[in-house]
Amino acid sequence: MMTSQQTIQALPERVPVARFPKQLLQVPATMALFAAVVTCLANSYWLSAATSAVALSLSVAGLAILYGQLGLVSLCQFALVGVGGWVTLRVGHAFHPPFEISLLAGGTVASVVGLAFGLPALRLRGLYLALVTLMLAGAFQIIISAWGFPDGGNGFLGRADGSGRAMLPRPEIAEGAVGYFLYVCLAATIALLIAQWHKLGRPGRAWALIRKGETVAIASGVNVLTYKAWAFALSGFLAGVSGALLAGNVGQLDGRAFGAFESLNLFALAIVGGVYNWYGALIAGLLLRAVPALLTDLGIDGYVTIGIFGVALFQALATAPSGIAGQIASLIARLRFGSAKERVR
C-alpha cells in the first residue's frame, strides 16, 4: 500500500461533531478562570502586564499554526504585531470609528502582509525560510524606526509634533484597566477559538498532511498552495489583532519595541510554552510579559530575561519538545489514567 493511502486511512474523514464542543469549550472555561483570578488578585501594575500578556498570546497562537501544524519557522511574527498596531492607530486617529473597526482593520491588513511575508514559504523551508523572514523583520524594524507609530497627526504617517500627540481611546465599554483587561480576554477567547477550530477542522487535517510531506498531501488531493497561504493569512490576522489590543492597552506604541530580536524572542517562547496545545500560547504570553515585570518589580535588570529564556529554550528543545503545555497535558493524562485504574479496581 502506498504511503499516501496509508496516511489517508490513518486520518479520520472528519472530527466527530460530538468532540468539538468538549474540546472548544476548554478555551472559554480556562480564559474565564484566568480572568477571574487576575481580576481578584492583581494590582494595577500586574493588571497591565497581564493585559499585554493575553494580547501577545494571540501572536504566539499564530506561530503555533505555522510551526506546530506545518513545521514552518517564521521569524517575522512580531513585525506583524507592529503592522496590526500601526494600522489600528492610523484608522483610529484618522476616522475615529468604534475600536472594534480599528481592530479588525489592523488584523485584516496584517493578514494581507502576513500572506505576502509567507510567499517565500512556497519555495523555501527550514533555515532558508527562517533567514528570509528574519530579514523581513529587520526591514520592518528599519521602516518603523523611520516612520514611528501614528499619534494623531495629519498625512499618511499620522505623526504629530510635540503637544499635538494623542492617545488612542479604549472601547467605550472598557475604559478602565479592569474593564479593558476583561475586554482583551474576551477578544483573545474568540480569536483562540477560531485558531483551535481551524486545527480541529479540515484546515488542520490538510496542514497535517502537508507537514508529513507535500507529495503525500498532493496525492491526497490537498491544494498545498491554498492551505499554506491560509495558514500565513490566519497567523498574520492573529498577530494583527494582538498588535491592535496592545495599542488599545496604552493608547500608543513605541517603534523601539519592535526590533527583529523581539521576533526571535517570541518564537523561542512559543516553543517553551508549547505549540501543540492551545494554552501554550497563553503560557508563552505570560512568560514574555510576566517574567520581565517580576524582575522589574524586584529591581533586577530586565535584560536578565535573555539568559533565562535562553536556558528555558535549551531545556525545551533537549527534554520537552512539546513545551510546558505539553508537559501539563501529559501530567493530566497520567492522572486521568491513574484515576481510571483506581475505578476499575
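### Some points on the overall build of the protein
When its secondary structure is counted, the protein shows 15 helices and 0 strands. Relative to the globule expectation of 20 Å for 345 residues, the C-alpha radius of gyration of the protein, 21 Å, shows essentially globular dimensions. When the backbone C-alpha atoms are referred to their principal axes, the protein occupies close to 70 × 50 × 40 Å. Counting over 345 residues, the protein shows a buried share of 49%. Pairs at least 24 apart in sequence give 77% of the contacts found in the protein among residues at least 6 apart. Of the charged side chains in the protein, 22 are positive and 12 negative; the average position of the first set lies 17 Å away from that of the second.

### Points about the pattern of salt bridges
In the structure shown here, the tally under the stated rule is 4 salt bridges. Measuring nitrogen to oxygen at the nearest pair gives 2.8 Å for the salt bridge that ties Asp-254 to Arg-256. Residue classification places Asp-254 among the partly exposed positions, given a relative accessible area of 35%.

### A short note on unusual backbone geometry
Of note, the phi angle at His-96 is positive, near 50 degrees, even though the residue is not glycine. Its place among the elements puts His-96 in the loop between helix H5 (77-95) and helix H6 (99-117). Judged by its relative accessible area of 62%, His-96 is exposed.

### Remarks on the environment of Trp-230
On the secondary structure map, Trp-230 appears in helix H11 (residues 224-250). Residue classification places Trp-230 among the partly exposed positions, given a relative accessible area of 33%. Between the C-alpha atoms of Trp-230 and Asp-151, which are 79 residues apart in sequence, the distance is 32 Å. Residues contacting Trp-230, with those up to four places away along its chain left out, are His-198, Pro-203 and Trp-207.

### Observations concerning the nonpolar core
With 94 residues, the main nonpolar core has Met-31, Val-54, Phe-181, Trp-207, Ile-210 and Leu-245 as its most contacted residues. In terms of residue count, the dominant contributor to this core is helix H4 (residues 44-70) (13 residues).

### What to know about the confidence of the model for the protein
Of all residues in the protein, 92% attain a pLDDT of 70 or more, and the chain-wide mean is 86. Under a pLDDT of 50 for its full length, residues 1-19 has, in the predicted model, 18 contacts with residues more than four places off or in other chains.

### Observations regarding a nonpolar patch on the surface
The grouping of Leu-294, Leu-298, Ile-300, Val-304 and Ile-308 at the surface amounts to a nonpolar patch, some 410 Å² of accessible area in total. Checked against the element boundaries, Ile-300 lands in the loop between helix H13 (279-297) and helix H14 (304-319). Overall, Ile-300 belongs to the partly exposed group, its relative accessible area being 37%.

### A few points about the environment of Phe-261
Tracing the sequence through the fold places Phe-261 in helix H12 (residues 260-273). In this structure Phe-261 comes out as partly exposed when scored by relative accessible area, which is 43%. Separated by 183 residues in sequence, Phe-261 and Phe-78 place their C-alpha atoms 9.0 Å apart.

### A word on the packing of H4 against H11
Between H4 and H11, the shortest axis-to-axis distance is 9 Å and the interhelical angle comes to 170 degrees. Looking at the two axes, H4 sits roughly antiparallel to H11. When grouped by side-chain class, the residues that make up the contact of H4 with H11 number 16 nonpolar, 8 polar and no charged.

### Digging into the packing of H5 against helix H7 (residues 126-147)
Direction vectors running N to C along H5 and H7 enclose 35 degrees, while the axes themselves pass 9 Å from each other. In this structure, H5 crosses over H7, and the sense of that crossing is left-handed. Contact with H5, carried on its side by Ala-79, Gly-82, Val-83 and Trp-86, involves Ala-137, Phe-140, Ile-144 and Trp-147 of H7 and no other residues of that element. Of the residues in the contact of H5 with H7, the class split is 7 nonpolar, 1 polar and no charged.

### Some words on H6
Taking 1.5 Å of rise per residue, 19 residues should cover 27 Å, and H6 covers 27 Å from first to last C-alpha, within 8% of that figure. Taken together, the buried positions of H6 are Phe-99, Ser-102, Leu-103, Gly-106, Gly-107, Ala-110, Ser-111, Gly-114 and Phe-117. Next to the buried residues of H6 lie H5, H7, helix H8 (177-200) and H11.

### Comments concerning the packing of aromatic side chains
As enumerated under the stated definition, the model contains 13 aromatic pairs in all. Measuring from ring centre to ring centre gives 6.4 Å for Phe-99 and Tyr-180, while their planes differ by 80 degrees; the resulting arrangement is edge-to-face. Here Phe-99, found in helix H6, pairs with Tyr-180, found in helix H8; they are 81 residues apart in sequence, far enough to count as distant. The buried category is assigned to Phe-99, whose relative accessible area is 7%. Tyr-180 gets classed as buried once you look at its relative accessible area, which sits at 1%. Taken together, the ring pairs connect Phe-78, Phe-149 and Phe-258 into an aromatic cluster.

### Looking at the environment of Ile-210
Assignment of secondary structure puts Ile-210 in helix H9 (residues 202-212). Taking relative accessible area as the criterion, Ile-210 reaches 1% and is therefore assigned buried. Excluding residues within four positions of it along the chain, Ile-210 makes contact with Leu-70, Ala-217, Val-222, Val-224, Tyr-227 and Lys-228.

What counts and how
Residues numbered from 1 in each chain as written. Predicted model: local features only at pLDDT ≥ 70, side-chain atom pairs only at ≥ 80, totals over all residues. Heavy atoms only, no water. Helix = DSSP H or I, 4+ residues; strand = E, 2+ residues; numbered from the N terminus. Rg over C-alpha atoms; globule rule 2.2 N^0.38 Å. Buried < 20%, exposed > 50% of the residue type's maximum accessible area, 1.4 Å probe, protein only. Contact = heavy atoms within 4.5 Å. Lys, Arg positive; Asp, Glu negative; His and termini not counted. Charge placed at Lys NZ, Arg CZ, Asp CG, Glu CD. Salt bridge = Lys/Arg side-chain N within 4 Å of Asp/Glu carboxyl O. Core = buried A, V, L, I, M, F, W, Y, C linked by side-chain atoms within 4.5 Å. pLDDT = per-residue confidence, 0-100. Patch = residues over 30% accessible without salt bridge, like charges linked within 9 Å, V, L, I, M, F, W, Y side chains within 5 Å. Areas by Shrake-Rupley, 256 points an atom, 1.4 Å probe, with all protein chains shown as cover. Axes fitted to C-alpha atoms, helices over the stretch in contact; angles between N-to-C directions. Parallel < 35°, antiparallel > 145°, perpendicular 65-115°, else oblique. Nonpolar A, V, L, I, M, F, W, Y, C, P; charged D, E, K, R; others polar. Left-handed = near helix turned anticlockwise from the far one by under 90°. Expected span 1.5 Å × (residues − 1). Phe/Tyr/Trp six-rings, centres within 6.5 Å; stacked < 30°, edge-to-face > 60°.

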